[in-house]
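Results of the structural survey
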Amino acid sequence: MTTSQAATLAPAEAAQKVPLRRWLGVGAVASGTFAMVTLEQLPVGLLSSVGSDLHVSEGVAGLMVTVPGLVASAAAPLLPVAIRRLDRRHVLIGLISLMVVANVLTALAPNFATLLAARFLVGVGIGGFWAMAAGIAVRLVPSHAVPKATALTFGGATAANVLGIPAGTLIGSLTSWRVAFVSVAVLGLVIVVALVALLPSLPADDAVRLRALAAQLRVPAVRTGILATFFLVSGNFAAFTFVNPLLRDLSGLPKDAVGGLLLLFGAAGIAGNFLAGMLLSRNVRRTILAVSLTLAAVLALFPLLGANPAGGVALLLVWGLAFGGIPVSVQTWILRSAPDAAEAATALNTSLFNLAIALGALFGGLVVDHLALRGVLWLGAALILGTTVAIARARDQGR
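Worth saying up front: this structure is predicted, and the values here are computed from it rather than measured. (Residues numbered from 1 in each chain as written. Predicted model: local features only at pLDDT ≥ 70, side-chain atom pairs only at ≥ 80, totals over all residues. Heavy atoms only, no water.)

Moving on: the overall build of the chain. Secondary structure assignment for the chain yields 18 helices and zero strands. For the chain, buried positions account for 54% of its 399 residues. The long-range fraction of contacts in the chain, counting pairs at least 24 apart against all pairs at least 6 apart in sequence, stands at 86%. (Helix = DSSP H or I, 4+ residues; strand = E, 2+ residues; numbered from the N terminus. Buried < 20%, exposed > 50% of the residue type's maximum accessible area, 1.4 Å probe, protein only. Contact = heavy atoms within 4.5 Å.)

The tally for this structure, following the rule as stated, stands at 10 aromatic pairs. Aromatic side chains Phe230 and Phe231 sit 5.9 Å apart centroid to centroid with 70° between the ring planes, which places their arrangement in the edge-to-face category. Judged by centre distance (6.2 Å) and plane angle (70°), the ring pair of Phe302 and Trp319 falls under edge-to-face. One end of the pair, Phe302, is in helix 14 (residues 284-305); the other, Trp319, is in helix 15 (residues 309-324), with 17 residues separating them in the sequence. Across the pair, Trp319 and Phe302 agree in class, each one buried. One aromatic cluster is present, formed by Phe237, Phe240, Phe265, Phe302, Trp319 and Phe323 through successive ring pairs. (Phe/Tyr/Trp six-rings, centres within 6.5 Å; stacked < 30°, edge-to-face > 60°.)

In this model helix 5 (residues 63-83) runs 28 Å from its N-terminal to its C-terminal C-alpha over 21 residues, within 8% of the 30 Å that 1.5 Å per residue would give. Along helix 5, the sharpest change in direction is near 40° and occurs at Ala76; proline Pro77 comes one to four residues later. Along helix 5, 16 of the 21 residues are buried, which leaves the element largely enclosed by surrounding structure. Following helix 5 by one or two positions, Arg84 adopts a phi angle in the positive range, close to 50°. (Expected span 1.5 Å × (residues − 1). Bend = angle between axes of the 7 residues up to and from the residue.)

Following the sequence through the fold, Leu140 ends up in the loop between helix 7 (112-139) and helix 8 (146-174). In this structure, the C-alpha to C-alpha distance between Leu140 and Trp23, residues 117 residues apart in sequence, is 7.8 Å. Those residues in contact with Leu140, other than ones at most four positions away along the chain, are Arg22, Gly25, Val26, Leu199, Pro200 and Leu202.

The next thing to look at is unusual backbone geometry. Even without being glycine, His55 reaches a positive phi, approximately 60°. With a relative accessible area of 72%, His55 lands in the exposed category.

Together, Leu275, Met278, Leu279 and Leu321 give the surface a local cluster of nonpolar side chains, amounting to about 340 Å² of exposed area. Per-element tally for the nonpolar patch: the top contributor is helix 13 (residues 258-280), with three residues. Tracing the sequence through the fold places Leu275 in helix 13. Of the residues examined, Leu275 reaches a relative accessible area of 39% and is grouped as partly exposed. (Patch = residues over 30% accessible without salt bridge, like charges linked within 9 Å, V, L, I, M, F, W, Y side chains within 5 Å. Areas by Shrake-Rupley, 256 points an atom, 1.4 Å probe, with all protein chains shown as cover. Salt bridge = Lys/Arg side-chain N within 4 Å of Asp/Glu carboxyl O.)

Viewed as axis vectors pointing N to C, helix 2 (residues 20-41) and helix 6 (residues 88-108) meet at an angle of 35°, and their least axial separation amounts to 11 Å. Where helix 2 crosses over helix 6, the handedness of that crossing is left-handed. Taking contact as the criterion, the partners of Val29, Gly32, Ala35, Met36 and Leu39 in helix 2 are, on helix 6, Leu92, Leu95, Ile96, Met99 and Asn103. Looking at the contact of helix 2 with helix 6 residue by residue, the class counts come to eight nonpolar, two polar and no charged. (Axes fitted to C-alpha atoms, helices over the stretch in contact; angles between N-to-C directions. Left-handed = near helix turned anticlockwise from the far one by under 90°. Nonpolar A, V, L, I, M, F, W, Y, C, P; charged D, E, K, R; others polar.)

Residues Val29, Ile96, Leu115, Phe129, Phe181 and Leu195 are the most contacted members of the largest nonpolar core, which totals 52 residues. At the level of secondary structure, the elements contributing two or more residues to this core comprise helix 2, helix 3 (47-54), helix 5, helix 6, helix 7, helix 8 and helix 9 (177-198). Per-element accounting of this core gives the leading share, 10 residues, to helix 7. Apart from the residues within four sequence positions on either side, Phe181 is in contact with Leu39, Leu42, Pro43, Leu46, Met64, Asn103, Thr106, Ala107 and Arg119. (Core = buried A, V, L, I, M, F, W, Y, C linked by side-chain atoms within 4.5 Å.)

And the structure:
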């Protein structure tokens, strides 16, 4: 299509109304995003309860985050290749159903080994879902509505940080951690019903091939973005996985206050997301540098300034503000670095994002068990400074 033809068709396409049923379908996919992110990070607020009930240390309990992260990092690039031309509607429904089963198994787990096996299934669901969710959502609407559909889909992740994780933590503190996981399973069942009712048939356009993923690793800007993602996310989750004991033992806050504080953390994250979005339109590189330096400073100063309730809460809010800018910042860098291969580059970035969550939680757990709780803050700050180095060297990006 020529430029003049596109210009002629654009007004007509823009005027095309999107049926309500299609928007409801996008909303159902966004709800799946909400549930998946809630499930992935729910253990953060429940580590102490799970560890006490199943007789493992908090560091070992952190494997509840590590295991699904590692599995999801492999599933994100490989599952789209493995399913080839299967109808994406059926695959998405199957992945949410797998999440429901994994939650039930988690809630019923008699020991920690069984729980980790259930979390393995969670990782498959998370990796596969994230690999396809955005692509499915944008197929439900015409091209002029794609930005809104994408924002709605990934808005589910932001909502999970603001509502899902704090709500799950609060349910766990008021009842038990098992009830918290059952609650997410019930939500998953509702989402399965919604997907069955609202999603049309979505046959695959083209089978995804491994060589398209490998090609993106040869693009310098994409490699820089992936490195930035790894250092930022691993550093954040090395510390954030243990935010419950940090707030309780270091800042002296009561255990029952953690759920409400995570709600404030999520609200600050929303503000950080919008603030980063505004700054990204001016300069992507400087925005990522600002996010990484702020986050590194918060973690480095937490042992000193956060060693009391007021300081702990204040730094937690700044932490949330910086954390909220991470996903939108690194994703914008990736999309600008690979405008003609966004799907492949995004799959790689998603894989590294989940790998970073897993390794951050793993190394954080080792520090907690063998050194000191506050050591995870220094580890996180050191890893995040790796982002600063990687992005600062890429002076040709984000201007």
